[in-house]
Amino acid sequence: MADTTSPKAKSPSPPKSGPSSPKAASTPGAAPEDEQLEAEAEDDDSLYGGSISGSDTTSLASSVLKYRQENGRTYHAYKAGQYFLPNDDTENHRLDLQHNLCLLTQDDKLFLSPIGKGKPIKRVLDAGCGTGIWAIDFADEHPEASVVGVDLSPIQPEFIPPNLEFFVDDLESDWTFVQPFDFIYCRLLTGSILDWPKLFGQAFANLNPGGYIELFDTLNPLVSDDDTLTEDSALLKWNRLLVEASEKLGRPLNSCKNYRQQLVDAGFVNIVETHFKWPMNTWPKDSKYKNIGAWSAENFSQGVQAVSLMLFTNVLGWTVDQVEILLVDVRKDVKNRAIHGYWPIHVVYAQKPE
């Protein structure tokens, strides 16, 4: 594999309303699925008012860099069609913003696994690294570790920490890493993997005894605890259609509901699953989840077209115009603070037996 030479990714701009740093998160801890978030009074949102505006031998052949174009967006060329989101600058900026959303969710922690306690972290894999922002942060915080980032698109920056390498590769192909890892991290890969049991089996085989795998994913479709997300909502209709399309593609957007059992089947032990919530906007009263809602809404605003186009047009047979007409009402719903919807977040980590 060869180093990537893409321009350095830009830092994301925070939502126009609300605190501008993940460190602004307040109340720590997860939100159990049976614990409801309290909605704020409709006229009490002054702080957040306004709009929320290859394996090891894979090389970067010229064909990898000639991105596929469709519906005005660009997509990865290597193993074209396996990943439904684009890889253009607009999407890459959203991915970096989404990184901050993940940090807010976990109180500024890059991971929850108890790695590095009792033994040094030597090798780490960021599986499906995207822009590489998580891998860069991890490499900066852990200079003692050798970090490897793998993705289908060469969109990572050129200037990176000396203990970090990026490679273009397909996680669904047979892994041929020469040395095992102490930690394998998989974030927001739902909708990207055809055979999760195979991936978990390969992760197990490529971990040192005592090593950990950790996954961070959203569960679709979104839900509400108080039935304010109604059956006739354009937002719920859209999200259900999205899941339907992903299932037809064989890469379901609700994959995280199966991770625990699949990890057990792969041989992992000491499995811990933590649940969080991503409110669709700033409707929660709680300051931490109001802030997460601001970032979540911005993440949605920047990504809703990207996540919809390929699945709706190529899988469900919609026209681009039909998709855009639906998204007009979807965006209206997302801005409606009377709808108390959220995406469940599942963070699962598991250990390979010593």
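Structure report, in brief. This is a predicted model, so every value here is computed, not measured. (Residues numbered from 1 in each chain as written. Predicted model: local features only at pLDDT ≥ 70, side-chain atom pairs only at ≥ 80, totals over all residues. Heavy atoms only, no water.)

1. Topic: the pairing of strand β6 (residues 181-187)
Applied cut-off: Only protein chains enter the accessibility calculation, which uses a 1.4 Å probe; a residue whose area is less than 20% of its type maximum is buried, one above 50% is exposed, and one in between is partly exposed. By the criteria applied, helices consist of DSSP H or I runs no shorter than four residues and strands consist of E runs no shorter than two, each listed in order from the N terminus. Two strands form a pair only when DSSP identifies at least two bridges running between them.
Among the 7 residues of β6, 7 are classified as buried, and the element is accordingly described as predominantly covered. With 3 bridges connecting them, strand β3 (residues 123-127) and β6 associate as parallel partners. In the sheet register, V124 faces β6, and the bridge partner there is F183. Relative to strand β7 (residues 207-218), β6 is paired through 6 bridges, and the arrangement is parallel.

2. Considering the side chain of Q156
We count it as follows: A 3.5 Å cut-off defines polar contacts: any pair of N or O atoms within that distance qualifies, except that in protein one atom must be a possible hydrogen donor and the other a possible acceptor, and neighbouring residues in sequence count only when both atoms are side-chain atoms.
Within the element layout of this structure, Q156 appears in the loop between β4 (146-151) and β5 (164-168). For Q156, the side chain forms a polar contact with the main-chain oxygen of G130, separated by 2.6 Å. A polar atom in the side chain of Q156 sits 3.0 Å from the backbone oxygen of S153.

3. Quick look at the pattern of salt bridges
What counts is decided by this rule: The salt bridge criterion pairs a side-chain nitrogen of Lys or Arg with a carboxyl oxygen of Asp or Glu, the two atoms within 4 Å.
The full count for this structure, using the stated rule, is 9 salt bridges. A salt bridge links K285 to E38; the nearest nitrogen and oxygen atoms lie 3.7 Å apart. With a closest N to O distance of 3.6 Å, E354 and K119 form a salt bridge. Of this pair, E354 sits in the segment after β10 (341-351) while K119 sits in the loop between α2 (89-105) and β3, and the two are 235 residues apart along the sequence. Accessibility expressed as a relative area gives 68% for E354, which makes it exposed. Owing to a relative accessible area of 39%, K119 belongs among the partly exposed residues under this scheme.

4. Things to note about the packing of aromatic side chains
The relation between two aromatic rings is expressed through the spacing of the ring centres and the mutual angle of the planes. Rules: For Phe, Tyr and Trp, where Trp contributes only its six-membered ring, two rings pair if their centres lie within 6.5 Å, and the inter-plane angle classes them as stacked under 30 degrees, edge-to-face over 60, or tilted in between. Working rule: Lys NZ or Arg CZ, within 6 Å of ring centre, within 35 degrees of ring normal, means a charge sits over the ring.
By the definition in use, this model includes 18 aromatic pairs. Ring centres of F216 and W278 lie 6.0 Å apart, and the angle between their planes is 45°; this geometry places the pair in the tilted category. Note that F216 is positioned in strand β7 and W278 in strand β9 (residues 269-279), a separation of 62 residues in sequence. The residues F216 and W278 share a single accessibility class, namely buried. The ring of F204 carries K352 above its face, with NZ or CZ at 4.9 Å from the centroid.

5. Observations concerning the nonpolar core
To keep things clear, this is the line we draw: As used in this record, nonpolar core signifies buried Ala, Val, Leu, Ile, Met, Phe, Trp, Tyr and Cys residues forming a set joined through side-chain atoms within 4.5 Å.
Core analysis: the largest hydrophobic core is formed by 62 residues, its most contacted members being F138, F183, L235, W238, W278 and V330. If one sorts the elements of this core by residue count, helix α7 (residues 287-315) sits on top with 9 residues. Core analysis: the second largest hydrophobic core is formed by 28 residues, V148, L171, L219 and Y259 among them.

6. Some words on helix α4 (residues 196-205)
Short version of the rule: The arc refers to the directions leading from the helix axis to the C-beta atoms.
Inspection of α4 places W196, L199, F200, Q202 and A203 among the buried residues, and these make up the whole buried set. For α4, the angular spread of the buried residues around the axis is 160°, confining them to a single face. Looking at where α4 begins, the residue whose side-chain oxygen comes 3.1 Å from the main-chain nitrogen of K198 is D195.

7. Some words on the packing of helix α5 (residues 234-249) against α7
As a reminder of what qualifies: Axes here refer to lines fitted to C-alpha atoms; in helices the fit is confined to the stretch in contact. Angles between the N-to-C directions go from 0 to 180 degrees. Oblique is the label for any angle not under 35 degrees, not over 145, and not in the 65 to 115 range, which are roughly parallel, roughly antiparallel and roughly perpendicular in turn. Definitions for this section: a left-handed crossing has its near helix turned counterclockwise from the far helix by less than a right angle. A right-handed crossing has that turn clockwise. Only heavy atoms matter for contacts: two residues are in contact if any of them lie within 4.5 Å across the pair.
Close contact between α5 and α7 brings their axes to 10 Å; oriented N to C, the two are set at 50°. The angle between α5 and α7 falls in the class oblique. By crossing handedness, the relation of α5 to α7 is classed as left-handed. From α5, L235, W238, L241, L242, A245, S246, K248 and L249 reach across to α7, where they touch F300, V304, V307, S308, M310, L311, F312 and V315.

8. Looking at the environment of L112
Along the chain, L112 falls in the loop between α2 and β3. Residues L112 and E214 lie 102 residues apart in sequence; the distance between their C-alpha atoms is 7.9 Å.

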